[in-house]
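In case you want the letters, here they are:
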Amino acid sequence: MGNGDPPLRLTALCLAAHTDLSTGRGCADVDRIARECGLVPEALFPALDQLVTFLASWTMALASGDLQWELLPTANQDQRATDRFDAGVNPER
């Protein structure tokens, strides 16, 4: 992620703080996560889509309003960032 978009960096930090490190998975109310990231819920979803070097997956449970995610293992995060850089994609956007 580099020193790019501060809301993206804050979103990654927030998700990491709410992740069970033994499983790499997290679950929290979508409104709470958006609020902690300084975003409205509608802006959170595009931010999650941009975290491809950080998240293996994410989904929102419509019935409960919970956001569920899984972090990539650290080695995979580094490899995806390298692959995006090598492909000429700016990982900070």
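Not measured: the values here are computed from a predicted model.

Reading the values: the criteria
Residues numbered from 1 in each chain as written. Predicted model: local features only at pLDDT ≥ 70, side-chain atom pairs only at ≥ 80, totals over all residues. Heavy atoms only, no water. Buried < 20%, exposed > 50% of the residue type's maximum accessible area, 1.4 Å probe, protein only. Helix = DSSP H or I, 4+ residues; strand = E, 2+ residues; numbered from the N terminus. Pairing = 2+ DSSP bridges. Expected span 1.5 Å × (residues − 1). Arc of directions from axis to C-beta. Contact = heavy atoms within 4.5 Å. Salt bridge = Lys/Arg side-chain N within 4 Å of Asp/Glu carboxyl O.

Draft legend 1. Seen up close, the pairing of strand β4 (residues 66-71). Taking every second residue as pointing to the same face, the buried face of β4 carries Leu 67, Trp 69 and Leu 71, while none of Asp 66, Gln 68 and Glu 70 on the other face is buried. Sheet analysis places strand β2 (residues 25-29) next to β4, joined by five bridges and oriented antiparallel. Its bridge partner being in β4, Gly 26 is matched across the sheet by Trp 69. By the bridge criterion, six bridges tie strand β3 (residues 55-61) to β4 in an arrangement that is antiparallel. Within β4, the position partnered with Leu 55 by the bridge is Leu 71. Here β3 hands over to β4 after four residues, with Gly 65 in that stretch at a positive phi of 80°.

Draft legend 2. The arrangement of helix α1 (residues 6-17) in detail. Between the first and last C-alpha of α1 there are 16 Å, a value that for 12 residues agrees with the 16 Å anticipated at 1.5 Å per step. Among the residues making up α1, those that are buried are Leu 8, Thr 11, Ala 12, Cys 14 and Leu 15. Looking straight down α1, one finds that the buried residues subtend no more than 165° of arc, so they occupy a single side. Of the exposed residues in α1, those oriented more than 90 degrees away from the buried face are Pro 6, Leu 13 and Ala 17. Buried-residue contacts for α1 involve β1 (19-20), α2 (30-36), α3 (41-50), β3 and β4.

Draft legend 3. Spatial organisation of the pattern of salt bridges. Counting across every chain of the model gives two salt bridges. Of the charged contacts, one joins Glu 70 and Arg 25 as a salt bridge, the two residues approaching to 3.6 Å between their closest N and O atoms. Residue Glu 70 is found in strand β4, and its partner Arg 25 is found in strand β2; the two are separated by 45 residues along the sequence. We classify Glu 70 as partly exposed; its relative accessible area is 25%. Residue Arg 32 is joined to Glu 36 by a salt bridge in which the shortest nitrogen-to-oxygen separation is 2.9 Å. Taken together, the residues Arg 32 and Glu 36, both in helix α2 and four residues apart, mark about one turn of the helix. For Arg 32, a relative accessible area of 39% corresponds to the partly exposed category. Glu 36 gets classed as partly exposed once you look at its relative accessible area, which sits at 36%.

As far as function goes, none of this settles anything; it's purely spatial.
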